[in-house]
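# Descriptive analysis of the structure
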Amino acid sequence: MAPNHRRLISNWLFLLCFMLLGMIAIGGVTRLTGSGLSIMDWQPVSGFIPPLSHEEWERLFALYQTIPQYHLQHEGFGLEGFQRIFWAEWIHRFWGRLMGLVLLLPLIWFTIRGMITRALALRLFVFFVLGAMQGAIGWFMVASGFRPDSTAVEPVRLVLHLSAALALYLAILWTALSIRWPTPQVVTPSAEGTRTKRLVWLALCLICITIVAGGFTAGTHAGFVYNTFPLMDGHLIPAEYARLSPFWMNLVDNKAAIQFDHRLLATLTALSIGAVLLFGLRSATLGSKAHNAIMLLGWAVLVQYALGVTTLLLVVPVWAGAVHQTFAAILLGVMLYTLHCLRGQRAN
């Protein structure tokens, strides 16, 4: 591609990544305000238009009154209360539809104009299909909240929805980075450079597992218990960590164990990034771009760790929970950028 086309198309994909971060933030607000179950029907096309008449508002409110969440949490809060939670979920779904258009329409234009290769056009169309599937996964998640005696979605489905969104985010971000900087900077092989790259891969794996654990923390509301740090009810490891049998049930259904696992994984992630800084900044062969990326990674993990502790100590206010969830994706993106800067590092 021509250099000006590379800048244009990579900027477009960076915009999509930014919109995905917005989607994750809005999703966090939707979850924390209990708004996700307020829209009872899935209308991929007509859902673009919000309710425009009092009769339509009454119809949607009547649908909401049929699910357990209304009777267990919101009974008697009236149409005005319903509208408050409705708008958060409607904006979440609208943002997803808008992202689909922002991806599809320029893709068609760039393909017709011959500004992108067939392989890239096919890859981006696959991203569009995956985005549409993400909408279906979202409805699959929401539908689990309609079960008897349920006031929230199943944690497993919540984690699936979040993980799919982050996988799409990473795929688009890597594509954008590779279009903007197609040729890796070849550097002199060194033991410290090789070790640094391996440690970044380790940190990337750890943060992915940490985010999954965070999804279970959010889905089970485990963040609302043990709101002290670093101890949990006076213990480093909570006394009821392994109270469920079989043991694996503690990983997904025991709030004490779920929160401890999230804390532990977050700490291991921070330590692994500390090791990246230790070895990466000592390697003179990596170059200034990689060094800057590593420094950015260090600052990002400090911010995210501080956000996690703050969210816990404040007992998960909406703003802190949403920012913590969103910055996890930002930290993940910085890790991917760091790996992209290290592409030229080969094993010595």
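Coordinates for the structure precede this section.
Residues numbered from 1 in each chain as written. Predicted model: local features only at pLDDT ≥ 70, side-chain atom pairs only at ≥ 80, totals over all residues. Heavy atoms only, no water.

On to the overall build of the chain. Each helix and strand counted, the chain has eleven helices and zero strands in total. From first element to last, N terminus to C terminus, the chain shows the α and β order α-α-α-α-α-α-α-α-α-α-α. For 348 residues, the compact-globule estimate of 2.2 N^0.38 gives 20 Å, and the C-alpha radius of gyration of the chain, at 22 Å, lies within 12% of that figure. With the C-alpha coordinates of the chain rotated into their principal frame, the extents come out at 70 × 60 × 30 Å. Counting all 348 residues of the chain, 49% fall into the buried class. Summarising the internal contacts of the chain: among those between residues at least 6 apart in sequence, 78% fall at separations of at least 24. Per element, the accessible surface of the chain, about 16900 Å² overall, is 70% carbon and sulfur. Treating the 23 positive side-chain charges of the chain as one cloud and the 14 negative ones as another, the clouds have centres 23 Å apart. (Helix = DSSP H or I, 4+ residues; strand = E, 2+ residues; numbered from the N terminus. Rg over C-alpha atoms; globule rule 2.2 N^0.38 Å. Buried < 20%, exposed > 50% of the residue type's maximum accessible area, 1.4 Å probe, protein only. Contact = heavy atoms within 4.5 Å. Areas by Shrake-Rupley, 256 points an atom, 1.4 Å probe, with all protein chains shown as cover. Lys, Arg positive; Asp, Glu negative; His and termini not counted. Charge placed at Lys NZ, Arg CZ, Asp CG, Glu CD.)

For the rest of this paragraph, the subject is a nonpolar patch on the surface. Taken together, the side chains of L122, F125, V126, V129, L130 and M133 define a hydrophobic patch exposed on the protein surface, amounting to about 520 Å² of accessible area. Under the relative-accessibility criterion, V126 is labelled partly exposed at 37%. (Patch = residues over 30% accessible without salt bridge, like charges linked within 9 Å, V, L, I, M, F, W, Y side chains within 5 Å. Salt bridge = Lys/Arg side-chain N within 4 Å of Asp/Glu carboxyl O.)

As for its position among the elements, L312 is in helix α10 (residues 288-313). Separated by 116 residues in sequence, L312 and T196 place their C-alpha atoms 31 Å apart.

Time to look at the environment of F128. If you trace the backbone, F128 turns up in helix α5 (residues 118-143). Separated by ten residues in sequence, F128 and R118 have C-alpha atoms that sit 15 Å apart. Residue contacts for F128: discarding those within four places in its chain leaves G100, L103 and L104.

Further remarks concern the nonpolar core. Note that soluble globular proteins tend to have their nonpolar side chains buried in a common cluster. By size, the foremost hydrophobic cluster in this structure holds 59 residues, and its most contacted members are W12, L13 and Y169. Where this core is concerned, the elements lending two or more residues are α1 (3-32), α4 (78-112), α5, α6 (155-180), α7 (191-219), α9 (255-280), α10 and α11 (318-341). The contacts of Y169, once residues within four sequence positions are left out, are C17, L20, L21, A329, I330 and G333. Grouped together as the second largest cluster of nonpolar side chains are 19 residues, L37, L60, I67 and L158 included. (Core = buried A, V, L, I, M, F, W, Y, C linked by side-chain atoms within 4.5 Å.)

As a further point, take the side chain of T326. Relative to the helices and strands, T326 resides in helix α11. Judged by relative accessible area, T326 falls into the buried class, the value being 12%.

Now for the packing of aromatic side chains. Overall, the coordinates contain 22 aromatic pairs when judged by the stated rule. Note on W90 and F94: the rings are 5.1 Å apart at their centroids and 15° apart in plane angle, and the pair reads as stacked. Of this pair, W90 and F94 both sit in helix α4, separated by four residues, roughly a single helical turn. What makes F94 partly exposed here is its relative accessible area of 26%. (Phe/Tyr/Trp six-rings, centres within 6.5 Å; stacked < 30°, edge-to-face > 60°.)

Moving on, we come to the packing of α6 against α7. Direction vectors running N to C along α6 and α7 enclose 140°, while the axes themselves pass 9 Å from each other. For the element pair α6 / α7, the angle class is oblique. Judged by the twist between their axes, the crossing of α6 over α7 is right-handed. In this structure, α6 contributes P155, V156, L158, V159, L162, S163 and L166 to the contact, and α7 contributes I211, V212, G215, F216, A218 and G219. A class-by-class count of the residues in the contact of α6 with α7 yields ten nonpolar, three polar and no charged. (Axes fitted to C-alpha atoms, helices over the stretch in contact; angles between N-to-C directions. Parallel < 35°, antiparallel > 145°, perpendicular 65-115°, else oblique. Left-handed = near helix turned anticlockwise from the far one by under 90°. Nonpolar A, V, L, I, M, F, W, Y, C, P; charged D, E, K, R; others polar.)

Okay, the environment of T111 next. Take T111: it is sitting in helix α4. In sequence terms T111 and L122 are eleven residues apart; their C-alpha atoms lie 9.7 Å from each other. Those residues in contact with T111 that lie beyond four places of it in its chain are I116 and A121.

This part is about α10. In this model, α10 (26 residues) spans 38 Å end to end at C-alpha, consistent with the 38 Å of a helix rising 1.5 Å per residue. Remark: V315 follows α10 within two positions and exhibits a positive phi of approximately 60°. (Expected span 1.5 Å × (residues − 1).)

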